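# Chains, contacts and geometry: an overview
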Amino acid sequence: MAAVSDRLPAFPWDKLEPYKKTAAAHADGIVDLSVGTPVDPVPQLIRRALIDAADSPGYPTVWGTVALRDAITGWVRGRLGASAAEHRNVLPVVGSKELVAWLPTQLGLGAGDKVAYPRLAYPTYEVGARLCGAEPVVYDDPTELDPAGVKLLWLNSPSNPTGKVLAKEELVRIVAWAREHGILLFSDECYLELGWEAEPVSVLHDDVCGGSYEGIVAVHSLSKRSNLAGYRAAFVAGDADVLGELLEIRKHGGMMTPAPVQAATVAALGDVVHVEEQRERYAARRAALRAALESHGFRVEHSEASLYLWVTRDEPCWDTVAHLADLGILVAPGDFYGEAGARFVRVAFTATDERVEAAVKRLG
């Protein structure tokens, strides 16, 4: 066990604990904007579906029920513009983080292989590479990478942490490059429903991939759009050969989405009303926090989508973290996401309306 954990970087959130204590000491309590965890209620129709399926004594299947596959393929066709998607092109997973962390291992990657991901990125891409002994490689533009040895290429649009969105023409270019070099492309699109100043596009869109899913897979989650982080409800869609191989491996590994969660996912994907209602909540919180941060002297970069504002005061990120902690506000330092974030902080707008209002007053 020690040998495996020794491959991994230090768990970044442990470094934030002293600042969390400082923020918690504020007379009006902490405003925690450091983690993008949902705080609003799970929609009633999803809860009802979960409860109705609670009497599930048997084992669920890794591939999921027919109803679940119907729901995922229908959503992928309608929402992502992937008109050719069929059951063989989808696979439920036990939350997207599990998929990201263990994908390189399940693909059989190891020493001598490279896993590439954005220079500013969700830390679990690197963790996944290190767990299997592959080499993590960062990029600014993936098409400028030396393709030799690159077996897995991660895209992330909208980006965590920056909120940057890759335009359709960029995706077309990157997909063509990956296919030319035989590199498997996985696109983390978990924030796709949360575009604010740009309209995110999936790599599975007909205009991007040409109606063929060869060599490409998209990752999606219901954690953000439907407040289901606690349900661990997610799925991948794309290349049938890749997903078929993952299905066989995951069968042996017992990586099954619980039956009640499968039923809840069907309900969630079949309803757009709750998604729009949640978007409106986040839009209001985003607008309030952005105005307050800018008036306090922060500059916002990118942030055209996702659940975060990527901001800077042109100082070391830990100085900013300390300054905001003194105001009772906890944020994530930018260097959690790579050295390029050393002068930025990530501000989540997933707190309650009351806590967002408190932050706005303190910044005022």
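None of the values given here were measured: they were computed from a predicted structure. (Residues numbered from 1 in each chain as written. Predicted model: local features only at pLDDT ≥ 70, side-chain atom pairs only at ≥ 80, totals over all residues. Heavy atoms only, no water.)

## Focus on the overall build of the protein
Secondary structure assignment for the protein yields 13 helices and 13 strands. Here the C-alpha radius of gyration of the protein, 20 Å, is about what a compact globule of 364 residues would show, namely 21 Å. Expressed along its principal axes, the backbone C-alpha trace of the protein runs to roughly 55 × 50 × 45 Å. By sequence separation, contacts in the protein at least 24 residues apart represent 75% of the contacts at least 6 residues apart. Accessible area for the protein stands at about 15100 Å²; split by element, carbon and sulfur atoms hold 54% of it. For the protein, the distance from the average position of its 36 positive side-chain charges to the average position of its 49 negative side-chain charges is 3 Å. (Helix = DSSP H or I, 4+ residues; strand = E, 2+ residues; numbered from the N terminus. Rg over C-alpha atoms; globule rule 2.2 N^0.38 Å. Contact = heavy atoms within 4.5 Å. Areas by Shrake-Rupley, 256 points an atom, 1.4 Å probe, with all protein chains shown as cover. Lys, Arg positive; Asp, Glu negative; His and termini not counted. Charge placed at Lys NZ, Arg CZ, Asp CG, Glu CD.)

## Quick look at the sheet that holds strand β7 (residues 216–221)
One open sheet holds the 7 strands; their spatial order is β2-β8-β7-β6-β5-β3-β4, and the pairing between them is mixed. Sheet topology places β2 (90–93) and β4 (135–139) at the edges, where each strand pairs with a single neighbour. The mean angle between the axes of side-by-side strands here comes to 20°, regardless of whether they run parallel or antiparallel. Pairing of strand β3 (residues 114–118) with strand β5 (residues 150–156) involves 3 bridges; the strand directions are parallel. (Pairing = 2+ DSSP bridges. Axes fitted to C-alpha atoms, helices over the stretch in contact; angles between N-to-C directions.)

## As for the sheet that holds strand β12 (residues 332–333)
Spatial ordering of the open sheet is given by β9-β10-β13-β12, a layout of 4 strands whose pairing is antiparallel. Two strands lie at the open edges of the sheet, namely β9 (299–301) and β12, each paired on one side alone. By the bridge criterion, 2 bridges tie β12 to strand β13 (residues 345–348) in an arrangement that is antiparallel. For Ala332, the partnering residue across the bridge sits in β13 and is Arg346.

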